[in-house]
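# Working through the structure, step by step
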Amino acid sequence: MTRLLVGAAACFALAVLALLLAADIRSWDAALADGDAVYASSPARAKWTPSTTLGGVAGRVLGVDDDVATRRALQLYTRVAGTRLTFDNATRVQTARAEAQDALVAAAAGSDPQRASQARTLLGILTFGRNASGVEANQVESAIADFTDALRADGSNDEAKFNLELLLRASAASGTRPGQGVGGGFGRGGRRGAGGGTPGKGY
């Protein structure tokens, strides 16, 4: 009888845990969908953090760490992508840019080739426009390396192809360099920018 009671209690506990896990998984699905919807209209306000009962168990089961890291990296990128570096805002912008670059490096190390490629593309854009006074040779080389790595990860990345070709042509032209500042038109060229997509949809 005691064994039957213990067995029944264990089965009940497992059933409760299964229900709680299912609820946490639904919370994750809702958090990602809601966060993406907010990002589409107001990137800075987006959050992808669900309310869970079992802590990070559901997140580990779903394998969402890379998904969330990619979304947050893109969010940090958009924070600085449209900001021109000046003497007055140099410290603030450089700090925000460094934070975005660290997040993009982490995203670029993920297992998804498309996301890694897009993260490298955004890194190239940030690297190229990190200076307010102009573009230095090491910036050009680093940006070229980022775009090249982006294409190695995903050869179909048209944004990386476009940026790499633009940068190679501009740097080869005698006495000319592309525009300065973060982006500065770079990474667009009449196309949708690399960071213009919705999180969770390959940027």
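Please read these numbers as outputs of a predicted model, since none were measured by experiment.

About the thresholds
- Residues numbered from 1 in each chain as written.
- Predicted model: local features only at pLDDT ≥ 70, side-chain atom pairs only at ≥ 80, totals over all residues.
- Heavy atoms only, no water.
- pLDDT = per-residue confidence, 0-100.
- Contact = heavy atoms within 4.5 Å.
- Salt bridge = Lys/Arg side-chain N within 4 Å of Asp/Glu carboxyl O.
- Helix = DSSP H or I, 4+ residues; strand = E, 2+ residues; numbered from the N terminus.
- Buried < 20%, exposed > 50% of the residue type's maximum accessible area, 1.4 Å probe, protein only.
- Core = buried A, V, L, I, M, F, W, Y, C linked by side-chain atoms within 4.5 Å.
- Expected span 1.5 Å × (residues − 1).
- Polar contact = N/O pair within 3.5 Å; in protein donor to acceptor, adjacent residues only side chain to side chain.
- Phe/Tyr/Trp six-rings, centres within 6.5 Å; stacked < 30°, edge-to-face > 60°.

### What to know about the confidence of the model for the chain
Scored by pLDDT, the chain comes out at a mean of 81, with 78% of its residues at no less than 70. Below a pLDDT of 50 lies the segment residues 188-194, which in the model reaches 22 contacts outside its immediate sequence neighbourhood of four places, other chains included.

### What to know about the pattern of salt bridges
A complete count under the given rule lists 6 salt bridges for this structure. The partner of R71 in a salt bridge is D36, with the nearest N and O atoms 2.9 Å apart. Within this pair, whereas R71 is found in helix α3 (residues 65-81), its partner D36 is found in helix α1 (residues 2-41), the two being separated by 35 residues in sequence. Neither R71 nor D36 differs from the other in exposure class; each is buried.

### Digging into the nonpolar core
Judged by nonpolar contacts, the single largest core of 32 residues is most densely connected at Y77, L104 and L167. Elements with a minimum of two residues in this core: α1, α3, α4 (90-108), α5 (113-128), α6 (137-153) and α7 (158-172). Of all the elements, α3 adds the most residues to this core, at 7 residues.

### As for α7
For α7, built from 15 residues, the straight-helix expectation of 21 Å at 1.5 Å per residue is met to within 8% by its first-to-last C-alpha distance of 21 Å. Of all the residues in α7, the buried ones are E159, A160, F162, N163, L164, L167 and A170. Where α7 begins, one side-chain oxygen reaches toward the backbone nitrogen of E159, 3.1 Å away; that side chain belongs to N157.

### What about the packing of aromatic side chains?
Under the criterion given, the structure shown has 1 aromatic pair. Between Y39 and W48 the ring centres are 6.3 Å apart and the planes differ by 40°, which places this aromatic pair in the tilted class.

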